[in-house]
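The chain contents come next:
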Amino acid sequence: MTKYANAFGRDDNTTIVRRKSNFLKDISSDKKAVFGLVVLSIFAFFALFAPWVAPHDPNGLDFDMLMPPSLQFPLGTDDLGRDLLSRVIHGTQISLFVGVSTVLIALVFGVALGLVAGYYGGWIDYVIMRYIDLQWAFPNFIIAVYLVAVFGAGLLNIIIAISLAFLDDFARIARSMVLTIKEEQYIAAAKVSGASSARILWRHILPNATAPIIVQATVSVSYAILGEASLSFLGLGVEADTPTWGLILADGRSFISRAWWLGLFPGIAIMLTVLSINFLGDGLRDHLDVREVKDV
Amino acid sequence: MTGYLLKRTFGAFLVMFAVATLVFFMLRLVPGDPIAAMLFDVGDPDAIEEIRSKLGLDQPMYVQYGKWLWYAVQGDLGNSIYGSRAPVGQLISEALPRTLSLASLSFVVATAIAIPAGLIAATRKNTGLDYTVTFAAFLGLSMPDFWLAILLIIVFAANLHWLPAIGYVPLSEGFWPWFSHLILPSIAVGTAFSAIVARMIRSSMLEVLNADYMHVARSKGLSELTLILRHAFPNALIPVITVIGIAFALLMSGAVVVENVFAIKGLGRLLIQSILNRDYPVVQGSILIVSAIFVFSNMLVDILYTLVDPRIRYQS
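In this text, all values refer to a predicted model and were calculated from it rather than measured experimentally.

Quick word on a negative patch on the surface
Residue and element names in this part refer to chain B.
Link 1 in the chain: A surface patch of like charges, here negative, comprises Asp 44, Asp 46, Glu 49, Glu 50 and Asp 58.
Link 2 in the chain: For Glu 49, the location among the structural elements is in helix 3 (residues 45-54).
Link 3 in the chain: Given the relative accessible area of 45%, Glu 49 is considered partly exposed.

As for the interface of chain B and chain A
Link 1 in the chain: Every contact between the two is made by 44 residues of chain B and, on the other side, 40 residues of chain A.
Link 2 in the chain: Taking both partners together, chain B and chain A bury about 3700 Å²; carbon and sulfur atoms supply 81% of that area.
Link 3 in the chain: Contact with chain A buries area across many residues of chain B, yet Phe 138, Phe 146 and Trp 147 of chain B alone supply 17% of it, more than any other trio.
Link 4 in the chain: Linking chain B with chain A are zero salt bridges.
Link 5 in the chain: Where chain B meets chain A, there are six residue pairs in polar contact (both at pLDDT 80 or more).
Link 6 in the chain: Only helix 1 (2-29), helix 6 (128-142), helix 7 (145-159), helix 8 (175-209), helix 10 (224-261), helix 11 (267-276) and helix 12 (280-308) of chain B provide two or more residues apiece to the side of chain B that touches chain A.

Side note on the packing of aromatic side chains
Link 1 in the chain: A complete count under the given rule lists 23 aromatic pairs over all chains for this structure.
Link 2 in the chain: Between the aromatic rings of Tyr 119 of chain A and Tyr 120 of chain A, the centroid separation amounts to 5.2 Å while the plane-to-plane angle is 85°, which identifies the pairing as edge-to-face.
Link 3 in the chain: Accessibility expressed as a relative area gives 11% for Tyr 119 of chain A, which makes it buried.
Link 4 in the chain: Measuring from ring centre to ring centre gives 6.4 Å for Phe 279 of chain A and Phe 135 of chain B, while their planes differ by 35°; the resulting arrangement is tilted. Of this pair, Phe 279 of chain A sits in helix 12 (residues 260-288) while Phe 135 of chain B sits in helix 6, placing the two residues on different chains.
Link 5 in the chain: In this arrangement the basic side chain of Arg 172 of chain A is found over the ring face of Trp 136 of chain A, its NZ or CZ atom lying 3.8 Å from the centre.

Section: the environment of Leu 148 of chain B
Residues and elements named next belong to chain B.
Link 1 in the chain: Position of Leu 148 among the secondary structure elements: in helix 7.
Link 2 in the chain: Here Leu 148 falls in the buried class, since its relative accessible area comes to 11%.
Link 3 in the chain: Between the C-alpha atom of Leu 148 and that of Ala 95, which follows or precedes it by 53 residues, the distance is 23 Å.

A few points about empty space enclosed by the protein
Link 1 in the chain: Tallied over the entire structure, the rule returns two cavities of 30 Å³ or more.
Link 2 in the chain: When its volume is computed, the largest cavity comes out at roughly 420 Å³.
Link 3 in the chain: What lines the largest cavity is a set of 26 residues, among which Phe 141, Tyr 223 and Leu 226 of chain A together with Asp 145 and Leu 250 of chain B lie closest to the centre.
Link 4 in the chain: Going through the elements one at a time, helix 6 (140-151), helix 7 (155-181) and helix 10 (210-234) of chain A together with helix 8 and helix 10 of chain B are the ones with two or more residues in the lining of the largest cavity.
Link 5 in the chain: A breakdown of the residues in the lining of the largest cavity according to their chemical character gives 20 nonpolar, five polar and one charged.

Focus on the nonpolar core
Link 1 in the chain: Ile 205 and Leu 231 of chain A together with Phe 146 and Met 205 of chain B are the most contacted members of the largest nonpolar core, which totals 174 residues.
Link 2 in the chain: Residue contributions to this core peak at 17 residues, all from helix 10 of chain B.
Link 3 in the chain: Phe 146 of chain B has contacts with Ala 229, Ser 230, Phe 233, Leu 249 and Ile 270 of chain A together with Val 257 and Val 261 of chain B, leaving out every residue within four places of it along the chain.
Link 4 in the chain: Counting residues in each nonpolar core, the second largest holds five residues, with Ala 117, Ile 128, Ile 132 and Ala 171 of chain A among its members.

Things to note about the packing of helix 6 of chain B against helix 8 of chain B
All names here are of chain B.
Link 1 in the chain: Where helix 6 contacts helix 8, the two axes come as close as 8 Å, and the packing angle between them is 140°. Classified by the interaxial angle, the pair formed by helix 6 and helix 8 is oblique. As helix 6 runs across helix 8, the sense of the crossing is left-handed. Across from Asp 130, Thr 134, Ala 137, Phe 138, Gly 140 and Leu 141 in helix 6, the residues of helix 8 making contact are Thr 191, Ala 192, Ala 195, Ile 196, Arg 199 and Arg 202.

Some details on helix 2 (residues 31-48) of chain A
It helps to recall that an α-helix has 3.6 residues per turn; residues three or four apart then point in one direction.
Residues and elements named next belong to chain A.
Link 1 in the chain: Helix length check: helix 2 (18 residues) gives 26 Å between terminal C-alpha atoms against 26 Å at 1.5 Å per residue, within 8%.
Link 2 in the chain: All buried positions along helix 2 are accounted for by Ala 33, Gly 36, Val 39, Leu 40, Phe 43 and Ala 47. One face of helix 2 carries all of its buried residues, which in axial projection span an arc of 135°. Turned more than 90 degrees away from the buried face of helix 2 sit Lys 31 and Leu 48, all of them exposed.
Link 3 in the chain: The backbone nitrogen of Lys 32 lies 3.2 Å from a side-chain oxygen of the residue at the head of helix 2, namely Asp 30.

With respect to the confidence of the model for chain B
Link 1 in the chain: Scored by pLDDT, chain B comes out at a mean of 83, with 91% of its residues at no less than 70.
Link 2 in the chain: In the model output, the complex is listed with pTM 0.86 alongside ipTM 0.85.

With respect to the side chain of Ser 95 of chain A
Residues and elements named next belong to chain A.
Link 1 in the chain: Secondary-structure assignment places Ser 95 in helix 4 (residues 84-120).
Link 2 in the chain: Accessibility expressed as a relative area gives 0% for Ser 95, which makes it buried.
Link 3 in the chain: The contact partners of Ser 95, leaving out residues within four places of it in the chain, are Ile 225, Glu 228 and Trp 245.

Observations regarding unusual backbone geometry
Residue and element names in this part refer to chain B.
Link 1 in the chain: If you check the backbone angles, Asn 126 has positive phi at about 60° while not being a glycine.
Link 2 in the chain: Residue position: Asn 126 is located in the loop between helix 5 (88-123) and helix 6.
Link 3 in the chain: One non-glycine residue, Ala 263, lies in positive phi territory at about 50°.
Link 4 in the chain: Looking at the secondary structure, you find Ala 263 in the loop between helix 10 and helix 11.

What counts and how
Residues numbered from 1 in each chain as written. Chains lettered and ligands numbered in written order. Predicted model: local features only at pLDDT ≥ 70, side-chain atom pairs only at ≥ 80, totals over all residues. Heavy atoms only, no water. Patch = residues over 30% accessible without salt bridge, like charges linked within 9 Å, V, L, I, M, F, W, Y side chains within 5 Å. Areas by Shrake-Rupley, 256 points an atom, 1.4 Å probe, with all protein chains shown as cover. Salt bridge = Lys/Arg side-chain N within 4 Å of Asp/Glu carboxyl O. Lys, Arg positive; Asp, Glu negative; His and termini not counted. Charge placed at Lys NZ, Arg CZ, Asp CG, Glu CD. Helix = DSSP H or I, 4+ residues; strand = E, 2+ residues; numbered from the N terminus. Buried < 20%, exposed > 50% of the residue type's maximum accessible area, 1.4 Å probe, protein only. Contact = heavy atoms within 4.5 Å. Buried area = accessible area lost by both parts, 1.4 Å probe. Polar contact = N/O pair within 3.5 Å; in protein donor to acceptor, adjacent residues only side chain to side chain. Phe/Tyr/Trp six-rings, centres within 6.5 Å; stacked < 30°, edge-to-face > 60°. Lys NZ or Arg CZ within 6 Å of the ring centre and 35° of its normal. 1 Å grid on protein atoms, 1.4 Å probe; cavity = no way out; pocket = protein on both sides within 12 Å on 5 of 7 lines; lining within 4 Å. Points joined across faces, edges and corners; volume = space filled by probe spheres on them. Nonpolar A, V, L, I, M, F, W, Y, C, P; charged D, E, K, R; others polar. Core = buried A, V, L, I, M, F, W, Y, C linked by side-chain atoms within 4.5 Å. Axes fitted to C-alpha atoms, helices over the stretch in contact; angles between N-to-C directions. Parallel < 35°, antiparallel > 145°, perpendicular 65-115°, else oblique. Left-handed = near helix turned anticlockwise from the far one by under 90°. Expected span 1.5 Å × (residues − 1). Arc of directions from axis to C-beta. pLDDT = per-residue confidence, 0-100.

Structure (structure tokens):
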């Protein structure tokens, strides 16, 4: 009993150590991933310290309207005389917060559902998977739109909507990982040694299923950010006075023929963020050698 | 095969039934009564009561559900409660051709870009061309479609005046008016899909190019062009066909957003406008139709696979 535990414990440890050292080496030699990390760090800094980084009040109607980019206003001003740079910097907060929080929620609940379904099988598996299959038949963004139709707009509601929309991706990955890992000998050993189901799931199955879950999470954050931006752009997102990238683009839309900067810069912010996450995700996918991740 | 078809069709109807049921009850059971919220704008409590009874909302839930389902099956999705008060079915049948035009043209645009791009990247692996295609694909995946739509309007409509900025003209009024209104929206919708397909073709071609039969074909002295177009490409396409299934999903969700930028009164715009107007019969109806498009196009793709690849038939 203890022999098994020790042997497997040591094995696990050595694997983890090897991966960690490789990870830093792999990532630092991957130019795309480094670019992604640097850009994301800058945006994360903007998000955390927006009030100090932004040169002006994002909602202050303090300046001349529709001023083109200049030294004083590097990204110009909008139709109400607000400084676009300050609004874009503040917009980082909502985008990153929604992107990360929705994926974390989806990950926790989705993985839990998938683990339970795959581990116990039987009718539990049947019930959970019929729902997951139903959701799988539709693109995540469309599900998010449906849910916003039901819950209404607003920050909390779009977080719930986007989290629910991404649930199926994590549930499916976790379930398929359990189904493979369940057959391994060390699980039989753990069972024989009297470990409870919860302990087996938490200590033995989950740690071995992390790689594809991490890669899926990275991809999902980029889609969640795009989803939030699209919902906000359509008027189904956060409250109208919150500066978010999607909303800034929606506000500026009527003026783009006169003020191109209103249509250009907030979009560049979205694209750079999503591109960086995709670069990082690609690096992780190569490093962790994961192939099966849903691309919608 | 007949058994498979029957099973698949039955499954599709089951999914539609589940969606219809979920949508119906979620709109009514979610805390805060979304329909009450929709009617809140009316104000006067008596007027609200009158509307509720007129719409049958004062009846027990199961009666409402039964009635709605019974009429929906017959094609009657009720009437809009906003603006024109037009029948939902009529609104949808007006919107549908626009969305289908946009989605199919986007598909054409996307594949027309993706196939050559993927082929070039694979055959010129690790050259400047390959890096350019790979990077462009990353950009395409990272650009929000509505932002691309705005950029296209700024450049090609507002500044160059080459193409119209917004609107839709039916095909019956001539090819060019129809086509010119759809070019920019199709590029906006198709770009992300095109990026995915180009990446898939590249990696699938790279695998095929290393296969044994390629070495045989090359040793026979065939020209590089014959090798690629006759031997490698058709085989590389097999895994790519699987993404056609997600194509529709991507193109439809793209259309939902992009239609709103170009003011094309398609299904996507109908859905979003009805949510914004709290016009719940239209919300219900358009969700149902959008879902039906997904479910039945998925079914069609699955059936096509079994025709293309018999192994799938035996597995199921």
